[in-house]
Amino acid sequence: MLLSHIRLKNWRNFQLLEAPLRHVTYVLGPNASGKSNLLDALRFLRDVSKRQGGGLQAAIADRDGISKVRCLHARRDPEVEIDIELSRDLDQTTPSWRYVLAFKPEGKGAQRLLVSREQVWRDGDLILDRPNSKDKKDTLLLTQTHLEQIQTNQAFRELAEFLSDISYLHLVPQLLRFGEKIGGNRLTDDPFGQGFLERLAHTPEKTRNARLKKIGTALTLAVPQFAELRFDKDDMGHPHLQARYQHHRPNAGWQSEEHFSDGTLRLFGLLWMLLEGGNSMLLLEEPEISLNDAIVAQIPLIIERLQRGQKNKRQVLVTTHSEALLSNHGIDERGVVLLESGKQGTTGRIVNNQERQAVLAGLTVAEVLLPKTRPSAVSQLGLWQ
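Residues numbered from 1 in each chain as written. Predicted model: local features only at pLDDT ≥ 70, side-chain atom pairs only at ≥ 80, totals over all residues. Heavy atoms only, no water.

(A) Representation of the overall build of the protein chain in the model. Of the regular secondary structure elements, the protein chain holds 15 helices and 15 strands. By its C-alpha atoms, the protein chain is 75 × 55 × 50 Å across when sized along the principal axes. Within the protein chain, the proportion of its 385 residues that are buried is 49%. For the protein chain, the accessible area works out to roughly 19600 Å², and carbon and sulfur atoms hold 48% of it. Here the protein chain contributes 51 positive and 47 negative side-chain charges, whose respective centroids are spaced 1 Å apart. (Helix = DSSP H or I, 4+ residues; strand = E, 2+ residues; numbered from the N terminus. Buried < 20%, exposed > 50% of the residue type's maximum accessible area, 1.4 Å probe, protein only. Areas by Shrake-Rupley, 256 points an atom, 1.4 Å probe, with all protein chains shown as cover. Lys, Arg positive; Asp, Glu negative; His and termini not counted. Charge placed at Lys NZ, Arg CZ, Asp CG, Glu CD.)

So, in C-alpha cells, the structure goes:
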C-alpha cells in the first residue's frame, strides 16, 4: 500500500497544499517553509489511529492545542483538514482508499474540539460519512474519530493499520548516548531516539543480529578504521552498541555508543530504520545531518538497494536541502515536491515540464531545483553586523 496523494487545508503554515507522492519522495524547500510540518501531518494521523494511547484529542494536546496546529493565514475558516489517498499501484486511476479528516473548535461554551467531517472511500465508494444521524443526536461522539476506534473502523481497518504503523526517527546522538543520565519522560514514540537502544533490545535476536551484520558491513565502508559491530548488555542489563576499530594493538578493546561520533550514530539509525521494513511509510527528516557529503550523496542509492530484496518495499518520504544528496543522478524527478513560501502561507508543487526536461538532459535535481529554494537576499547575510 502506498500513500499516493496528500491534501492539507489550514495545517500549520499550509493554507492549502496538494502533492502526489511516489515510492520515494524528496521534499525540498527553504528554511521555515514547512518541510517538518508536512511530515507532522502524517505523524498526526498516526497518533490519531495508533492502537494504544492515541486519538484525536491526545494528538492535538501533544501539539499544544488547535491554535498551534491551525494555519495563521486561516482568518475566516477555522477548519483544519487532512485528505489522503492510498493506492496499491501508483498508476491506478481510482485510489484504493481515501480518508478525509476535518476538525475545528465547537465555537461555544466549552470550546470542545469536534470532528467536522470524517469520510472514507474504498475503491471509489463512500463507506463512511460523518457527521451522521447518531453524531447529530449526541455531539460528544464528534470528539472522537472512527479511525481511532476498533469497534468502528472494521470496514477500513487496513487503512487504520497503515497509518498507525508510520515510522519516524530523527535520531539525536546526545539523547541516545546520555539517555539514562538525562532520564525524565520521553516524548510519545520516542521520535528523537532517547530509547533507541531499547528498541534494538526488543528486536528478536536473530533479526537483530542479521541487521547488525548488514549495518556493520556498511560502516566499514563509511567510517575510517571501523572493523566490527555488536550488541551487548552491561552488568545492570542496560543495552549497548559496541564497535571495534582497527588498531595497532590487535586486541584493542571495544568502544560503546557513548564514544561513537554523531555521524556514526546518525548513519546507524538511518540504516536500522530502512532495514526494519514494513508495509507502511518511513519519514526521514534531513538524514544528511552530521554525515560527510560523500556518504550523503549515496543515501538515495542506499534507500533503493536496501529495499530491493525486501518482500514489501517501504515507502519513504525524505525532507532535505542537501546539495550532496540531491546531486545523485538516481533520483526520479517525479518524486520531488518543491515547497514555496509566500505571504499567504506555503504551497507545494511537483517539477514543471521545463525542469523535468533539464533533469532528463543530464542535470541533477540539485542543479535544477535547489537554487529556487534559496532566500533571495541570502548573499547579503555575510554583510550583516
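(B) Local environment of the nonpolar core. In this structure, L229, F268 and L326 are the most contacted members of the largest nonpolar core, which totals 50 residues. Take this core: its biggest share by element is nine residues, from helix α10 (residues 262-276). Leaving out residues up to four positions away in the same chain, F268 has contacts with F196, L200, L212, I215, L229 and L241. Grouped together as the second largest cluster of nonpolar side chains are 48 residues, W11, L39, W97 and M281 included. (Core = buried A, V, L, I, M, F, W, Y, C linked by side-chain atoms within 4.5 Å. Contact = heavy atoms within 4.5 Å.)

(C) The sheet that holds strand β7 (residues 125-130), seen in detail. With antiparallel pairing, six strands are arranged side by side in an open sheet as β2-β1-β4-β5-β6-β7. Both edges of this open sheet fall to β2 (14-20) and β7, since each of them pairs with a single strand only. Between one strand axis and the next, the sheet turns by 10° as a mean value, whatever way the strands run. For strand β4 (residues 80-87) and strand β5 (residues 97-105), the ladder comprises seven bridges, and the chain directions are antiparallel. Bridge pairing in β5 links E85 to R98. (Pairing = 2+ DSSP bridges. Axes fitted to C-alpha atoms, helices over the stretch in contact; angles between N-to-C directions.)

(D) Quick look at the packing of aromatic side chains. Under the criterion given, the structure shown has five aromatic pairs. Judged by centre distance (5.2 Å) and plane angle (55°), the rings of W11 and F44 are tilted. In this pair, W11 sits in strand β1 (residues 2-11) while F44 sits in helix α1 (residues 35-49), placing the two residues 33 residues apart along the sequence. Neither W11 nor F44 differs from the other in exposure class; each is buried. Measuring from ring centre to ring centre gives 6.2 Å for F268 and W272, while their planes differ by 20°; the resulting arrangement is stacked. (Phe/Tyr/Trp six-rings, centres within 6.5 Å; stacked < 30°, edge-to-face > 60°.)

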